[in-house]
Amino acid sequence: MISTSLTTPAQPDIPIPAVRHWHITESDAGYLPEAEPVTVDDGEMALDVLAHLLADWAQTCDDPEDCDATYAEGCAEQLCTCRKGDRSAEHHDALIKVAGGRGMCEQIGDRVFELMPCQDVECLKYCPDADCGTVTPIGDTDTRCWCCGARYVDGETCGWLA
């Protein structure tokens with residue numbers, strides 16, 4: 001869990017709100033996403049999801065040598081942790097940025113790929129068991145926690161969030 005008392009190094013008296021989760025989307029530039037955003041509660045997983053969206057889009061290009069497809073594939077390779085055992089310096093920099101509560105955006109051709117931090121507790125539903133602590137997107141159709149079986153609750157009802 002990320003602390004709610006983070007501060008900026010340059011201005012130690014200005015608190016940064018803790019990031020509870022991230023939304024990752026893909027859309028045409030200037031338009032709303034065609035699908036619900038992917039929601040994750042882990043910064044490294046957020047980078048992996050963004051990388052996979054980029055790689056999947058690159059695979060759909062008619063010409064694999066297209067400069068947009070090549071760029072998307074390169075970004076995906078830098079950000080994804082599951083493609084290779086080691087992590088690039090770019091991945092490390094992106095992870096620090098994301099963990100610090102900043103978003104990322106890649107515009108490639110007419111497509112926009114975004115990773116946005118979110119502090120809204122109402123975007124998620126929570127296992128009420130503090131020892132379990134499972135969190136899932138509000139759109140998840142399961143009503144019970146996959147880990148302990150308790151019925152999910154909203155952010156206001158969850159006692160361990162406070």
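The rules behind each value
- Residues numbered from 1 in each chain as written.
- Predicted model: local features only at pLDDT ≥ 70, side-chain atom pairs only at ≥ 80, totals over all residues.
- Heavy atoms only, no water.
- Helix = DSSP H or I, 4+ residues; strand = E, 2+ residues; numbered from the N terminus.
- Buried < 20%, exposed > 50% of the residue type's maximum accessible area, 1.4 Å probe, protein only.
- Contact = heavy atoms within 4.5 Å.
- Areas by Shrake-Rupley, 256 points an atom, 1.4 Å probe, with all protein chains shown as cover.
- Phe/Tyr/Trp six-rings, centres within 6.5 Å; stacked < 30°, edge-to-face > 60°.
- Pairing = 2+ DSSP bridges.
- Salt bridge = Lys/Arg side-chain N within 4 Å of Asp/Glu carboxyl O.

Colleague: What is the right way to read the overall build of the protein from this model?
Modeller: If you tally the helices and strands in the protein, you get three helices and eight strands. When the helices and strands of the protein are placed in sequence order, the string is β-β-β-β-α-α-α-β-β-β-β. For the protein, the residues scored as buried account for 35% of the 162 residues in total. Taking all contacts inside the protein whose residues are at least 6 apart in sequence as the whole, residues at least 24 apart take part in 50%. Accessible area for the protein stands at about 9600 Å²; split by element, carbon and sulfur atoms hold 52% of it.

Colleague: Explain the packing of aromatic side chains here, please?
Modeller: Two measures describe an aromatic ring pair: the distance that separates the ring centres and the angle between the ring planes. Summed over the entire model, instances satisfying the criterion amount to two aromatic pairs. Measuring from centroid to centroid gives 6.0 Å for Trp 57 and Phe 113, while their planes differ by 70°, and the two rings are edge-to-face. In this pair, Trp 57 sits in helix H1 (residues 43-60) while Phe 113 sits in strand E6 (residues 111-118), placing the two residues 56 residues apart along the sequence. A ring pair is formed by Tyr 126 and Trp 160, whose centres lie 6.0 Å apart and whose planes are at 80°; its orientation type is edge-to-face.

Colleague: Can you help me understand the pairing of strand E5 (residues 104-108) in this one?
Modeller: Looking down a regular strand, the side chains alternate between one sheet face and the other. Across the two faces of E5 the burial differs, with Met 104, Glu 106 and Ile 108 buried and Cys 105 and Gln 107 not buried at all. Sheet analysis places E5 next to E6, joined by five bridges and oriented antiparallel. Within the sheet, the bridge partner assigned to Met 104 lies in E6 and is Leu 115. Here E5 folds back onto E6, and the loop between the two strands holds two residues, one of which, Gly 109, carries a positive phi near 65°.

Colleague: What should I look at first to understand the pattern of salt bridges in this one?
Modeller: Should their charged atoms come close, side chains of opposite charge can pair. By the definition in use, this model includes two salt bridges. The closest approach of N and O atoms between Arg 111 and Glu 26, which form a salt bridge, is 3.1 Å. Placement of Arg 111 in strand E6 and of Glu 26 in strand E3 (residues 21-28) is noted, with a sequence separation of 85 residues between them. Glu 26 carries the same exposure label as Arg 111, and that label is buried. Between Arg 111 and Asp 28 there is a salt bridge, and its shortest N-O distance comes to 2.7 Å. On the criterion of sequence distance, the pair formed by Arg 111 in strand E6 and Asp 28 in strand E3 is long-range, its members being 83 residues apart.

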